[in-house]
Amino acid sequence: MEKWPIGVFASIDAGLGVRLDVVRELGVTTVHLHSPHPASRTPDKIAAFKAQLQEYGITITCVFGGFDGESYADIPTVKKTVGLVPPETRAARTKELKEIADFTRQMGVDQVGIHIGFVPHESSDPTYAEILDVTRDICDHCARLNQTLNLETGQEPADVLLRFLSDVDRPNLFVNFDPANMILYGCGEPLPALKKLGAYVRSIHCKDGTWSDQPGETWGAEVPLGEGDVNFKAYLTTLDEIGYTGPLTIEREIAQEPERQKAEIGGAVALLDRLKSELSG
Ligand code: MG
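Residues numbered from 1 in each chain as written. Predicted model: local features only at pLDDT ≥ 70, side-chain atom pairs only at ≥ 80, totals over all residues. Heavy atoms only, no water.

J.: What is the right way to look at the environment of P258 in this model?
T.: Tracing the chain through its elements places P258 in helix α10 (residues 258-280). Spatially, the C-alpha atom of P258 lies 7.5 Å from that of V18, the residues being 240 residues apart in sequence. Excluding residues within four positions of it along the chain, P258 makes contact with R19 and V22. (Helix = DSSP H or I, 4+ residues; strand = E, 2+ residues; numbered from the N terminus. Contact = heavy atoms within 4.5 Å.)

J.: Which parts of the structure should I look at to understand the packing of aromatic side chains?
T.: How two aromatic rings sit relative to each other is given by the distance of their centres and the angle of their planes. Under the criterion given, the structure shown has six aromatic pairs. Relative to F64, the ring of F9 lies with its centre 5.5 Å away and its plane at 55 degrees, an arrangement referred to as tilted. Of the two residues, F9 sits in strand β1 (residues 6-11) while F64 sits in strand β3 (residues 59-64), which places them 55 residues apart along the sequence. Its relative accessible area of 3% is what places F64 among the buried residues. Their ring planes at 80 degrees and their centres at 5.9 Å tell us that Y128 and F164 sit as a pair that is edge-to-face. Of this pair, Y128 sits in helix α5 (residues 126-144) while F164 sits in helix α6 (residues 158-168), and the two are 36 residues apart along the sequence. (Phe/Tyr/Trp six-rings, centres within 6.5 Å; stacked < 30°, edge-to-face > 60°. Buried < 20%, exposed > 50% of the residue type's maximum accessible area, 1.4 Å probe, protein only.)

J.: Please clarify how the coordination of the magnesium ion should be interpreted in this entry.
T.: Between any two of four tetrahedral donors, the ideal angle at the metal is 109.5 degrees; between two of six octahedral donors, it is 90 or 180 degrees. The protein atoms that coordinate the magnesium ion are E152 (OE), D178 (OD), H205 (ND1) and E251 (OE), at distances of 2.1 to 2.2 Å. Read N to C, the donor residues that coordinate the magnesium ion are spaced as E-x25-D-x26-H-x45-E. With a gap of 99 residues between them, E152 in strand β5 (residues 148-152) and E251 in the loop between β10 (248-250) and α10 connect regions that are remote in the sequence. For E152, a relative accessible area of 3% puts it in the buried group. (Donors = N, O, S within 2.8 Å, 3.2 Å for Na, K, Ca; no water.)

J.: I would appreciate a short explanation of the side chain of N150 in the present structure.
T.: Here N150 shows up in strand β5. Reaching out from N150, the side chain makes a polar contact with the side chain of T148 at a distance of 2.9 Å. With residues up to four places along the chain from it excluded, the contact list for N150 reads Q111, V112, G113, I114, F174, V175, N176, R202 and S203. (Polar contact = N/O pair within 3.5 Å; in protein donor to acceptor, adjacent residues only side chain to side chain.)

J.: Got a minute to help me understand the pattern of salt bridges in this structure?
T.: One pass over the structure, following the stated rule, counts 20 salt bridges. Across the pair D21 and R19 runs a salt bridge, and its minimum N-O distance is 2.9 Å. Classification of D21 by relative accessible area gives partly exposed; the value is 29%. A salt bridge links E130 to R90; the shortest N-O distance between them is 2.7 Å. Of the two residues, E130 sits in helix α5 while R90 sits in helix α4 (residues 87-106), which places them 40 residues apart along the sequence. The partly exposed category is assigned to E130, whose relative accessible area is 38%. According to the relative accessible area criterion, R90 is buried, its value standing at 13%. Each of D178, K207, E251 and E253 takes part in salt bridges that share partners, so that together they form one network. (Salt bridge = Lys/Arg side-chain N within 4 Å of Asp/Glu carboxyl O.)

J.: Is there a simple way to explain the nonpolar core in this structure?
T.: Soluble globular proteins: nonpolar side chains tend toward being buried together. In terms of nonpolar packing, the biggest core is built from 80 residues, with F177 and Y235 touching the most fellow members. If you tally residues by element for this core, the top one is α5, at seven residues. The residues contacting Y235, other than those within four sequence positions of it, are F177, P179, L191, L194, I204, H205, C206 and V230. (Core = buried A, V, L, I, M, F, W, Y, C linked by side-chain atoms within 4.5 Å.)

J.: Could you clarify how one ought to interpret the state of the cysteines in this entry?
T.: Put plainly, two cysteines are in a disulfide when a covalent bond ties their sulfur atoms together. Taken as a whole and assessed by the stated rule, the structure comprises zero disulfides. As a non-bridged cysteine, C142 has C139 as the owner of its nearest cysteine sulfur, 6.6 Å distant. The thiol sulfur of C187 is not disulfide-bonded, and the nearest other cysteine sulfur, from C206, lies at 20 Å. When its relative accessible area of 10% is taken as the criterion, C187 is described as buried. (Disulfide = S-S within 2.5 Å.)

Purely spatial values, then, with no claim about function.
And the structure:
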């Protein structure tokens, strides 16, 4: 694969990704896919989906697990509803995430991404040990499928995430780095975090955002690429420094409005193409 192919976060029936016909129109060749609902993960649907991807010339590089009942409405709601941390849904979601990894394998993809949720920042919190166990369980399932598990960044500072990765202690556990999430959640400057996490970074998002006036308590704002506080030229330079050559996957969290997605993501593609040629020139 060429260095830094452009990608986009896509979905077929779940989440806020871009539709595949829009991906094709944008001329983008790689996607991170938001995992479809169970009814779309049957053998017939998988075969049809693979044929469509081949026709469109699109490669999935990572499948992101997502669950019914998750809400990103505000930070307290994320804590209560997202990922494997909420205790009341943990067992069912762990089972579903393994099924999503199986689907990912059937799609021929070797990276599974996940927002694991708010890992407690203190390792003395009893929930911390429980989340270590559930993450090991998922990693071991993915290892049997020759897959990595890539944790989405942002809900904890880089040092907390580094300690968590080390404590889970599994060779197939890595990071999907999202610079905007560091800003949106108020968890630290993204570029120093990227340098610290560098050895673990196996996939990334290109998303932009602005700082909240109450970091960690209220959201910053997610904005079109180039309009926020991530400096994308410095971001790409840092990705180069850590030796990351994989896809630059654009993520824009707007609802399924194809015209707006085409305009905004088209702008992001143009920005990244320009920066890529500046940095290689
Ligand atoms: Mg992201």
